[in-house]
There are 8 protein chains.
Amino acid sequence: LRQGVPEVIFGQGKSVDQIVAIIEEIVRVGQSVLVTRIEPDKGEAIAARVPSFQYAPLARTGKVTVKPPPERAVGPIAVVTAGTSDIPIAEEAAETLLAIGLRPDRIYDVGVAGLHRLLLRVDELRHAAAVIVIAGMEGALPSVVGGLVATPVIAVPTSIGYGAALSGFTALFSMLTSCASGVVVVNIDSGFGAAMAAHRMLPGSS
Amino acid sequence: LRQGVPEVIFGQGKSVDQIVAIIEEIVRVGQSVLVTRIEPDKGEAIAARVPSFQYAPLARTGKVTVKPPPERAVGPIAVVTAGTSDIPIAEEAAETLLAIGLRPDRIYDVGVAGLHRLLLRVDELRHAAAVIVIAGMEGALPSVVGGLVATPVIAVPTSIGYGAALSGFTALFSMLTSCASGVVVVNIDSGFGAAMAAHRMLPGSS
Amino acid sequence: LRQGVPEVIFGQGKSVDQIVAIIEEIVRVGQSVLVTRIEPDKGEAIAARVPSFQYAPLARTGKVTVKPPPERAVGPIAVVTAGTSDIPIAEEAAETLLAIGLRPDRIYDVGVAGLHRLLLRVDELRHAAAVIVIAGMEGALPSVVGGLVATPVIAVPTSIGYGAALSGFTALFSMLTSCASGVVVVNIDSGFGAAMAAHRMLPGSS
Amino acid sequence: LRQGVPEVIFGQGKSVDQIVAIIEEIVRVGQSVLVTRIEPDKGEAIAARVPSFQYAPLARTGKVTVKPPPERAVGPIAVVTAGTSDIPIAEEAAETLLAIGLRPDRIYDVGVAGLHRLLLRVDELRHAAAVIVIAGMEGALPSVVGGLVATPVIAVPTSIGYGAALSGFTALFSMLTSCASGVVVVNIDSGFGAAMAAHRMLPGSS
Amino acid sequence: LRQGVPEVIFGQGKSVDQIVAIIEEIVRVGQSVLVTRIEPDKGEAIAARVPSFQYAPLARTGKVTVKPPPERAVGPIAVVTAGTSDIPIAEEAAETLLAIGLRPDRIYDVGVAGLHRLLLRVDELRHAAAVIVIAGMEGALPSVVGGLVATPVIAVPTSIGYGAALSGFTALFSMLTSCASGVVVVNIDSGFGAAMAAHRMLPGSS
Amino acid sequence: LRQGVPEVIFGQGKSVDQIVAIIEEIVRVGQSVLVTRIEPDKGEAIAARVPSFQYAPLARTGKVTVKPPPERAVGPIAVVTAGTSDIPIAEEAAETLLAIGLRPDRIYDVGVAGLHRLLLRVDELRHAAAVIVIAGMEGALPSVVGGLVATPVIAVPTSIGYGAALSGFTALFSMLTSCASGVVVVNIDSGFGAAMAAHRMLPGSS
Amino acid sequence: LRQGVPEVIFGQGKSVDQIVAIIEEIVRVGQSVLVTRIEPDKGEAIAARVPSFQYAPLARTGKVTVKPPPERAVGPIAVVTAGTSDIPIAEEAAETLLAIGLRPDRIYDVGVAGLHRLLLRVDELRHAAAVIVIAGMEGALPSVVGGLVATPVIAVPTSIGYGAALSGFTALFSMLTSCASGVVVVNIDSGFGAAMAAHRMLPGSS
Amino acid sequence: LRQGVPEVIFGQGKSVDQIVAIIEEIVRVGQSVLVTRIEPDKGEAIAARVPSFQYAPLARTGKVTVKPPPERAVGPIAVVTAGTSDIPIAEEAAETLLAIGLRPDRIYDVGVAGLHRLLLRVDELRHAAAVIVIAGMEGALPSVVGGLVATPVIAVPTSIGYGAALSGFTALFSMLTSCASGVVVVNIDSGFGAAMAAHRMLPGSS
Ligand SMILES: Nc1ncnc2c1ncn2[C@@H]1O[C@H](COP(=O)(O)O)[C@@H](O)[C@H]1O
Ligand SMILES: Nc1ncnc2c1ncn2[C@@H]1O[C@H](COP(=O)(O)O)[C@@H](O)[C@H]1O
Ligand SMILES: Nc1ncnc2c1ncn2[C@@H]1O[C@H](COP(=O)(O)O)[C@@H](O)[C@H]1O
Ligand SMILES: Nc1ncnc2c1ncn2[C@@H]1O[C@H](COP(=O)(O)O)[C@@H](O)[C@H]1O
Ligand SMILES: [Mg+2]
Ligand SMILES: [Mg+2]
Ligand SMILES: [Mg+2]
Ligand SMILES: [Mg+2]
Ligand SMILES: [Mg+2]
Ligand SMILES: [Mg+2]
Ligand SMILES: [Mg+2]
Ligand SMILES: [Mg+2]
């Protein structure tokens, strides 16, 4: 699975020291590395110490590219969000896609309460090789998207919302019971997981 | 609240004997009566003993109309379902609406995975005085409807589905966190509750 | 739905910079704007940068009124709380009502453990066009109010309480199973949602 | 604790053979016995084999009284229900009270959506030595009763209701967070537990 | 209920200013006042402004005694804890008992994994008019105490523990299903609620 | 999505009459039909009335093939189970794959407590175009499989087990938090959903 | 692990035909077999077809002993229950112990509400090589036993009880948070799991 | 149980002053003491005041050894983790083992998504007297280890992960339903509990 693909580090709960050490060890053996879930203060501290480290604050990811991922002959991956609050998770997916040689096509803030905005972009959705759909609260967007495209739909619930949003579980369960058949689901807030799922589904993954 | 409105009996867990006794007592004082949640075998047994009892098997409701509810100068109430499995709950709402002098407009099986079917009926939705939206599984339909109409949207989650549908709680929580603002929610499978909510919202309720 | 009604921004999780930018964009196209869920420090920072921004600290809402909402020929909306801790949510409802041209009538701290205080205000409740009932902990107040008035009762559970209050879920489930028929419910702590629901129910919403 | 008090057998999950054997063993040593949670068919089968066994079908309890419980110089125990569906649990409480020498005063179907019925019986409530309040669904009644009397209020949640009633957990959590202070709670559907709690609270328990 | 009993204020979530204002209002009308759930920094700030305010840091309660509660001819109330971490909740109960004219008898750190410590104090338990039993984690102590005494046992679950302790819900559910009959339960961490329950159960409450 | 693919009917909760009517309607317009979740008695009753209906009792599915699905130039889909109790769900997946022109390769009873059995079949797994992994109880198998293959891994939790298996939710949550990256998940017991997900992922889906 | 130990079949959900076939296959290769979770009607049907099959109705287990398990030089395993309703699970443990060459010592109905019965048997507990403690409802017994013995304590929660007993989860969580250190826990109702755990802990397991 | 074993203090929620006082009291009576769950800042503050206090920051434990634990003639205890994030809990187990005279053998970061790393260490696992297996997220490792060794397997779920990891409950439930028989489980994050369980299982515990 790992061919041409960077090592991926889960940054949350690790100190700047620990992350720098891991990055240096991986780079030393000639491999690229992607770090997810690093808050801006830590991201900047790492960049100050590892000059080749490129930090993306919105996505909360950073990477050192030793050798770029191999080119892959596939269309873009649509990365779709219901609201603007879902964008950080979408960016985590987009950054991961880029790191593994896939091309994100961002389609943001097209939630189901304003259908017209979504319907304007159906053609774009249909040209994608796969669609990552990211939504919090009621998590309804994957069902609508799943009815509009025949390609893989990877649903990512987010922890956006309050009260009955249940920290993302309402969106998660919604997506698992989607009335559009063949929709698949990854863990709450896992933009990374969705990108890796797309990686498995598309040519050039091994 | 009760003026011109029948007494309503919760039939579940009550025997045929008990229901017949309650019906006769209410009819004796000159009032109409509606009974909800009676399974067909019980419904038929009651009808055999109370000739004026009209049983609606799909809705699992029955009624004796002593004096018809007063006419009400309001438009129809759209009763919308996502799937065909939601129809019994929709019929409970429709029968309750009829019993309190409101007029249901049934729009069934227009779930969000097949948007075209819903979009064909937008005009009908917009002519309703209020919309009751009934859906199980991911409960996405009220968000889409709420974005299409300006009138009251009363969402009814149903216990249809399995696994992550959580016996209706996924739909319930979805509806409570709907991204269409001003959507209100009643208890799982409560077609009756939705109709009574419409009753409170429309002229002639007192 | 939006005619004469301000754009509404969900302030939580957004920075002062982001909110100021969104406000300026909406005002530039000549529309009013309401922002919900802004803590006092952020509210004051926004007011310092946008002079026309009016911040209501108790409600944690702020607004810029470009053109006032249209007059609406309806009675007041009663906004009722069980305790004093529920008042911030009530104020969010009241501020939203004002922003959409409806008139709140505040009836606070009339919880069911001291019935006399509630009973003193029954007439006031009965003169309202709709009643928003806000309660945490056991959430019993909407059932009692629902038995006293024939108009719409919109119940708002709050996250007030500890232990078995379950961050508002006990009040939420209580309200959904209210023994007063036709009570409708919105998400936990959503004073905004209750006001928007009233908006849909009353003349002049479109 | 057991002085003058019958042995109490939990009948649920036990066969007629097992219950008859246990009854006979207890009676042989000269003690009275109360059996709870026996469905009518089992209750009648036991009565057919143990002639002194008195079965109360509504309460689903049965007893053999070898020596009557000692007289106790206390006032009646009010046993109050919100609805008619709560009556079987109330009867379990009442039968247990009788078996331990206490006197139940039944006040049924006085739920909070129809306050007038409850208010008509306030004097009766105030004359009780303790009040057992039994309610399902939103479980609001103990809060109202707790505000009306100064004596012990023992709340019993019931599993009556559907959907958000959560098989009695909504009523349970409501009662635990009651805004009337000093209300105590027993397990869902435990009329027996409430009666035994009253037993501990009143003179003559040891 | 309130005769001779102070007004009780729930301090949590209220500012020093708010609490001082409420205290002064109550004292002005000649009544005593008890405030619960105030952290030490707030407690000291209040004491600095209201000289008659007596703050108990372990219990996190404070009071102003305008007229002492009436003498009550009852034995002590045993206040029992399983561990040392449960002591703050026990002190809240003890301070509330004192404020309403009841006498606490503290029996701390006698959990069931070291039975000998509990058994050494059985006589003391049996001399109490009622027993308040406070325990977190598995909440087993009320069952054992309930088997040792015939008087009221009021169980208070605490939020002590981690993982499967579920913030007090494991202890709560344990206590509700206690195999010692007649044990009653109050909300998690509610030392106050337990004391008020004892108040209702003992002579002189009205 | 539907090109060359049969209509799929959710059989659960529908009567034989209803299913026969739906089948006949679909067949009349020249389309194939697959029905899922029909118990053996109903399956046989349908077959008795619709001679072209082929029922698979283990999978609890039945179909009428009007025109066979188009040939698809892809490798087999491995359908893997942890235990023998998971086989009915695997067969639902296999039957659905066949109905949409994909070829299942069944690898059953290779759960992680007996690693050797799984390791013997690694080559077979690596030759599959995608792997559907079906497991109940602790749901560990997809993590191990995900570490062994680079192709899509679609995890299906089953409701097999008791107690802490939580009717499939433990397996569901396990799979969502799999330490093998890019594993995707469908609803509990949804062999159908997994097959439809494979359909979206593989060439020839539209 | 399996040396001298029978194959174990999970009987629940399998038909008599399936179980007979599996038994015959195992016996054919010369091994003993134990089947758990078979209800009496199925147990008797199997015995009628496999004469060497010994069925234990209380334990709901059956076995065919081809070669007896090897002798093991260890003391007895105490199998302790809190109530009489826990006995079937205890018998499942006892039968499994016998099948793997360990000797159960049954100590039943010694729950913590009647401490004296437990204290009478402390010596017996202290002579055991390990103690299996089985309890439903509040699951308090393992904490008390864990404080009395220094040997392994394996706690088995049972699904006995109603309401807040949560089908065994209250006992499960209680046991996991036991204040007696070093208590270990197996799945709800898993007498079999507890016996197998004892097997791993005692000499002669491999 | 306590012979030669230190007193163990639960440090969480206790102040430096309180912990120092307890340590001094225990040391004064000539006993060793172990303190668990102390964060580094508190650990260092204690060490500054109690010179003999040895603090292990990774394990968050500290101890004063007055007399070393007795030698025990048993093999090492394997302490195995799935990931690197689980190491702090493993170190709590290792430090507790050392304090009670047992010898930990650390085998870290051998999770099931990279089977080869685990398989390389099977011999080491098989030489251990018992295996403590520590894993978060899907908690799959104990099932695999349980299939590889015949000795006791003590599973410790950790709160590592997000979303569906449910703060450790997913791992907990996974481990309780492990398909490897005889695996036992302790509370989430309880390295201490696992070590004490090993203590009970091995010679020399009393
Ligand atoms: N307090 C609130 N609760 C729920 N929804 C809100 C709230 N405030 C604003 N909204 C909704 O959030 C939407 C705007 O979200 P955003 O684009 O993230 O600002 C608006 O259309 C409102 O319907
Ligand atoms: N309805 C009930 N709810 C809870 N506990 C009960 C009930 N009926 C009897 N019990 C208790 O169950 C114990 C007897 O259980 P058993 O030995 O299984 O019959 C008695 O001591 C009672 O305290
Ligand atoms: N086993 C199943 N699980 C989930 N969805 C299903 C299943 N079988 C059929 N469906 C879906 O149910 C829809 C048809 O529902 P219905 O109209 O009620 O028969 C189809 O479009 C399928 O996508
Ligand atoms: N990390 C831990 N997890 C669970 N229990 C612990 C832990 N550390 C100490 N204990 C237990 O806590 C008890 C002491 O609690 P305390 O008196 O509050 O210090 C000891 O008897 C230990 O069994
Ligand atoms: Mg938006
Ligand atoms: Mg349909
Ligand atoms: Mg108040
Ligand atoms: Mg009634
Ligand atoms: Mg202690
Ligand atoms: Mg198998
Ligand atoms: Mg017993
Ligand atoms: Mg690792």
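These numbers were taken from a predicted model, which means no experiment stands behind them. (Residues numbered from 1 in each chain as written. Chains lettered and ligands numbered in written order. Predicted model: local features only at pLDDT ≥ 70, side-chain atom pairs only at ≥ 80, totals over all residues. Heavy atoms only, no water.)

(A) Quick peek at the overall build of chain A. Broken down by element type, chain A carries 8 helices and 9 strands. Its C-alpha atoms put chain A at 50 × 40 × 25 Å along the principal axes. Counting contacts in chain A only where the partners sit at least 6 residues apart, residues at least 24 apart contribute 68% of the total. Of the accessible surface of chain A, which amounts to about 7,100 Å², a share of 54% is contributed by carbon and sulfur atoms. Here chain A contributes 16 positively and 18 negatively charged side chains, and the mean placements of these two sets differ by 5 Å. (Helix = DSSP H or I, 4+ residues; strand = E, 2+ residues; numbered from the N terminus. Contact = heavy atoms within 4.5 Å. Areas by Shrake-Rupley, 256 points an atom, 1.4 Å probe, with all protein chains shown as cover. Lys, Arg positive; Asp, Glu negative; His and termini not counted. Charge placed at Lys NZ, Arg CZ, Asp CG, Glu CD.)

(B) Quick look at the environment of V156 of chain G. Residue and element names in this part refer to chain G. Tracing the chain through its elements places V156 in strand β8 (residues 153-157). By relative accessible area, which is 0% here, V156 ends up buried. Each C-alpha atom, one on V156 and one on G136, is 8.4 Å from the other, the two residues being 20 residues apart in sequence. Not counting chain neighbours up to four residues away, the residues in contact with V156 comprise I89, I132, V133, I134, A135, M175, V186, N187, D189, S190, G191 and A194. (Buried < 20%, exposed > 50% of the residue type's maximum accessible area, 1.4 Å probe, protein only.)

(C) Main features of the sheet that holds strand β4 (residues 61-64) of chain F. All names here are of chain F. Strand order in the open sheet made by the 4 strands is β1-β2-β4-β3, with mixed pairing throughout. The two strands at the open ends of the sheet, each matched to only one other strand, are β1 (7-10) and β3 (54-56). The sheet shows a mean angle of 20° between the axes of neighbouring strands, taken without regard to direction. (Pairing = 2+ DSSP bridges. Axes fitted to C-alpha atoms, helices over the stretch in contact; angles between N-to-C directions.)

(D) Quick look at the environment of Y162 of chain F. Turning to its location among the elements, Y162 of chain F is positioned in the loop between β8 (153-157) and α7 (169-176). When the C-alpha positions of Y162 of chain F and G147 of chain F are compared, they lie 28 Å apart, and in sequence the two are 15 residues distant. Excluding anything up to four places from it in sequence, Y162 of chain F contacts F10, R37, N187, I188, D189 and S190 of chain G together with T177 of chain H.

(E) The site of ligand 4, seen in detail. The environment of ligand 4 is made up of 11 residues, and the closest members are Y162 of chain E together with V8, F10, K14 and T36 of chain H. Note that an oxygen atom of ligand 4 is positioned 3.1 Å from one of the backbone N or O atoms of F10 of chain H. For ligand 4, whose free accessible area comes to 510 Å², the fraction covered by protein is 75%. Here the element with the most residues in the shell around ligand 4 is strand β1 (residues 7-10) of chain H; it accounts for 3 residues. Partitioning the shell around ligand 4 into residue classes produces 5 nonpolar, 3 polar and 3 charged. (Near = heavy atom within 4 Å. Polar contact = N/O pair within 3.5 Å; in protein donor to acceptor, adjacent residues only side chain to side chain. Nonpolar A, V, L, I, M, F, W, Y, C, P; charged D, E, K, R; others polar.)

(F) Seen up close, the sheet that holds strand β4 (residues 61-64) of chain C. All names here are of chain C. Strand order in the open sheet formed by 4 strands is β1-β2-β4-β3, with mixed pairing between adjacent strands. Lying at the two open borders of the sheet, with one neighbouring strand each, are β1 (7-10) and β3 (54-56). Across this sheet, the average inter-strand angle for adjacent strands is 20°, counted without regard to direction. When β1 meets strand β2 (residues 33-36), the two strands line up parallel, connected through 4 bridges. Counted as the bridge partner of V8 is L34 from β2. Running over the sheet, helix α3 (residues 87-99) touches β2, β3 and β4 and is turned about 15° from β4.

(G) Molecular detail of the pattern of salt bridges. Residues and elements named next belong to chain A. Tallying each qualifying case throughout the model produces 48 salt bridges over all chains. Across the pair R60 and E39 runs a salt bridge, and its minimum N-O distance is 3.3 Å. Of this pair, R60 sits in the loop between β3 (54-56) and β4 (61-64) while E39 sits in the loop between β2 (33-36) and α2 (40-49), and the two are 21 residues apart along the sequence. When its relative accessible area of 39% is taken as the criterion, E39 is described as partly exposed. The salt bridge involving E95 is made with K63; its shortest N-O contact spans 3.9 Å. Taken together, the residues span a long stretch of sequence, with E95 in helix α3 (residues 87-99) and K63 in strand β4 at a distance of 32 residues. (Salt bridge = Lys/Arg side-chain N within 4 Å of Asp/Glu carboxyl O.)

(H) A look at the site of ligand 2. Around ligand 2 sit 12 residues, and of these V8, F10, K14 and T36 of chain D together with Y162 of chain G come closest. Positioned at a junction of chains, ligand 2 has nearby residues supplied by chains D, E and G. Interatomic distance of 2.7 Å between a side-chain N/O atom of K14 of chain D and an oxygen atom of ligand 2. A distance of 3.4 Å separates an oxygen atom of ligand 2 from a polar atom in the side chain of T84 of chain G.

(I) Representation of the relation of the copies chain F and chain B in the model. Laying chain F over chain B is done by rotating through 90° and shifting 0.1 Å along the axis; what remains is an RMSD of 0.0 Å. Seen this way, the second copy is the image of the first under a four-fold rotation axis. Nearest to the rotation axis, the C-alpha of L166 of chain F is located 8.3 Å from it, this being the minimum over chain F. (Least-squares fit on C-alpha atoms with pLDDT ≥ 70 in both.)

(J) Looking closely at the interface of chain F and chain B. Chain F puts 8 residues into the contact, and the matching count from chain B is 5 residues. Between chain F and chain B lies a buried interface of about 600 Å² when both sides are counted; carbon and sulfur atoms form 59% of it. For chain F, the biggest contributors to the area lost against chain B are F10, F169 and N187 of chain F; these three give 55% of the whole. For the pair chain F and chain B, the number of links is 0 salt bridges. On the surface where chain F and chain B come into contact, there are 3 residue pairs in polar contact (both at pLDDT 80 or more). (Buried area = accessible area lost by both parts, 1.4 Å probe.)

(K) Here's a closer look at unusual backbone geometry. The backbone of D109 of chain G sits at a positive phi, close to 65°, despite the residue not being glycine. Mapped onto the elements, D109 of chain G comes out in the loop between β6 (104-107) and α4 (115-119). A residue is classified by how much of its surface remains accessible, and D109 of chain G, at 26% relative accessible area, is partly exposed. With a phi close to 55°, S167 of chain H is a non-glycine residue in the positive phi region. By the secondary structure assignment, S167 of chain H is in the loop between β8 (153-157) and α7 (169-176).

(L) The side chain of R37 of chain B, seen in detail. Locating R37 of chain B in the fold gives a position in the loop between β2 (33-36) and α2 (40-49). Buried and without a salt bridge, R37 of chain B has E92 of chain B as its closest oppositely charged side chain, separated by 4.1 Å. Of the polar contacts made by the side chain of R37 of chain B, one reaches the side chain of Q12 of chain B; its length is 3.0 Å. Excluding its chain neighbours within four sequence positions, the residues that come into contact with R37 of chain B are F10, G11, Q12, R60, E92, I188 and D189 of chain B together with Y162 of chain D.

(M) Up close: the interface of chain D and chain E. Counting from both sides, the interface comprises 28 residues of chain D and, opposite them, 28 residues of chain E. Roughly 2,200 Å² of surface becomes buried between chain D and chain E when both sides are summed, with 60% attributable to carbon and sulfur atoms. Of all the secondary structure elements, the ones that give two or more residues to the side of chain D that touches chain E are α7 (169-176), β9 (184-185) and α8 (191-201) of chain D. Each residue belonging to the side of chain D that touches chain E can be placed in one class, and the counts come to 17 nonpolar, 9 polar and 2 charged.

(N) Up close: helix α1 (residues 16-28) of chain G. Residues and elements named next belong to chain G. The end-to-end C-alpha separation of α1 is 18 Å, in line with the 18 Å expected for 13 residues at 1.5 Å each. Inspection of α1 places V16, I19, V20, I23 and I26 among the buried residues, and these make up the whole buried set. In an axial view of α1, the angular spread of the buried residues amounts to 135°, which keeps them on one side of the axis. Away from its buried face, by an angle of more than 90 degrees, α1 presents the exposed residues D17, E25 and R28. Considering only its buried residues, α1 is in contact with β1 (7-10), β2 (33-36), α2 (40-49) and β4 (61-64). Of the residues flanking the end of α1, it is G30, one or two places downstream, whose phi is positive at about 85°. (Expected span 1.5 Å × (residues − 1). Arc of directions from axis to C-beta.)

(O) Expanded view of the packing of α7 of chain F against α7 of chain H. Direction vectors running N to C along α7 of chain F and α7 of chain H enclose 125°, while the axes themselves pass 9 Å from each other. Taken as axis vectors, α7 of chain F and α7 of chain H run oblique relative to one another. Read as a crossing pair, α7 of chain F and α7 of chain H show a hand that is left-handed. On the side of α7 of chain F, the interface is formed by T170, F173 and S174 of chain F, while α7 of chain H contributes T170, F173 and S174 of chain H. Residue classes in the contact of α7 of chain F with α7 of chain H are distributed as 2 nonpolar, 4 polar and no charged. (Parallel < 35°, antiparallel > 145°, perpendicular 65-115°, else oblique. Left-handed = near helix turned anticlockwise from the far one by under 90°.)

(P) Spotlight on the confidence of the model for chain A. Averaged over every residue, the pLDDT of chain A is 95; the share at 70 or more is 98%. Interface scoring of the predicted complex returns ipTM 0.95; its pTM is 0.95. (pLDDT = per-residue confidence, 0-100.)

(Q) The arrangement of the relation of the copies chain D and chain E in detail. For the pair chain D and chain E, the superposition axis carries a translation of 0.0 Å, the fit reaches an RMSD of 0.0 Å, and the rotation angle comes to 180°. Here the symmetry operator amounts to a two-fold rotation axis. Within chain D, V185 of chain D has its C-alpha nearest the rotation axis, a separation of 2.6 Å. Mapped onto chain E, 100% of the interface residues of chain D are again interface residues, and the two copies thus contact each other with one and the same surface.

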